[in-house]
Amino acid sequence: MSVLKRGDSVAVIPYNEADVKLLGRLMRAEAEGDGQLGMLMVGNTGVNRVRGDCIDFTDIDSIRQMVYQSPGGFEATQKGYFYQRSREKDRRLARKVINGKRYHPASNSLWFFMPGGSCPAQWFGQWNTGRFKSHCFYSPTRSACPSVY
């Protein structure tokens with residue numbers, strides 16, 4: 001597993017190149033329609049699930065476990081588009097979130113979804129932290145999951 005990559009960037013979760021490719025594929029499959037910023041926010045949510053060790057994610061300690069978590073994983077893993085190779089731009093975006101870059105409203109999120117209308121104030125008991133294009137993001141309280149803050 002790598003810890004240091006490109007200059008002084010320090011990874012906030014363990015990873016290897018296969019993980020970078022996998023996270024890049026997930027980010028593209030879940031949010032390519034929301035552009036690069038939307039993809040980065042999906043990446044924040046995934047990285048937070050690995051960092052979290054709380055709520056639904058106590059047994060998640062790798063990118064691979066996070067991507068394929070069942071139940072509670074990502075719908076994109078059930079679609080063919082997810083299984084296409086990652087592109088260099090997907091991997092570049094994945095490295096940003098692995099190296100700790102955070103993007104509001106997904107900075108501390110553990111969940112997101114695409115509603116048919118407006119974002120509910122709560123989703124499965126978690127508070128909405130905002131919307132970016134088609135996705136609503138939800139974060140736990142600091143007391144419930146301090147490691148994502």
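It should be noted that the structure appears before, not after, this text.
Residues numbered from 1 in each chain as written. Predicted model: local features only at pLDDT ≥ 70, side-chain atom pairs only at ≥ 80, totals over all residues. Heavy atoms only, no water.

**Let's talk about the pairing of strand β5 (residues 126–132)**
In the sheet, strand β4 (residues 122–123) pairs with β5 via 2 bridges, with the strands oriented antiparallel. By the bridge assignment for β5, Gln122 is matched with Trp127. Turn length for the β4-β5 hairpin, with the two strands adjacent in sequence and antiparallel, is 2 residues, and the turn residue Phe124 shows positive phi of about 50°. Note: β5 against strand β6 (residues 135–139), 5 bridges, orientation antiparallel. Opposite Trp127, over in β6, you have Ser139 as the bridge partner. Taking the residues between adjacent antiparallel strands as the criterion, β5 and β6 are bridged by 2 residues, where Lys133 takes a positive phi near 50°. (Pairing = 2+ DSSP bridges. Helix = DSSP H or I, 4+ residues; strand = E, 2+ residues; numbered from the N terminus.)

**Topic: helix α2 (residues 35–52)**
Helix length check: α2, at 18 residues, gives a terminal C-alpha distance of 26 Å against a target of 26 Å (1.5 Å per residue), a fit within 8%. Of all 18 residues in α2, 14 are buried, a share of seventy percent or more. (Expected span 1.5 Å × (residues − 1). Buried < 20%, exposed > 50% of the residue type's maximum accessible area, 1.4 Å probe, protein only.)

**A few points about the packing of α2 against helix α4 (residues 88–98)**
At their nearest, the axes of α2 and α4 sit 9 Å apart, and the two run at 45° to each other. Accordingly, the angle class assigned to the pair α2 and α4 is oblique. Here α2 runs over α4; the crossing is right-handed. In this structure, α2 contributes Gln36, Met39, Leu40, Gly43, Asn44 and Val47 to the contact, and α4 contributes Lys89, Asp90, Arg92, Leu93, Lys96, Val97 and Ile98. (Axes fitted to C-alpha atoms, helices over the stretch in contact; angles between N-to-C directions. Parallel < 35°, antiparallel > 145°, perpendicular 65-115°, else oblique. Left-handed = near helix turned anticlockwise from the far one by under 90°. Contact = heavy atoms within 4.5 Å.)

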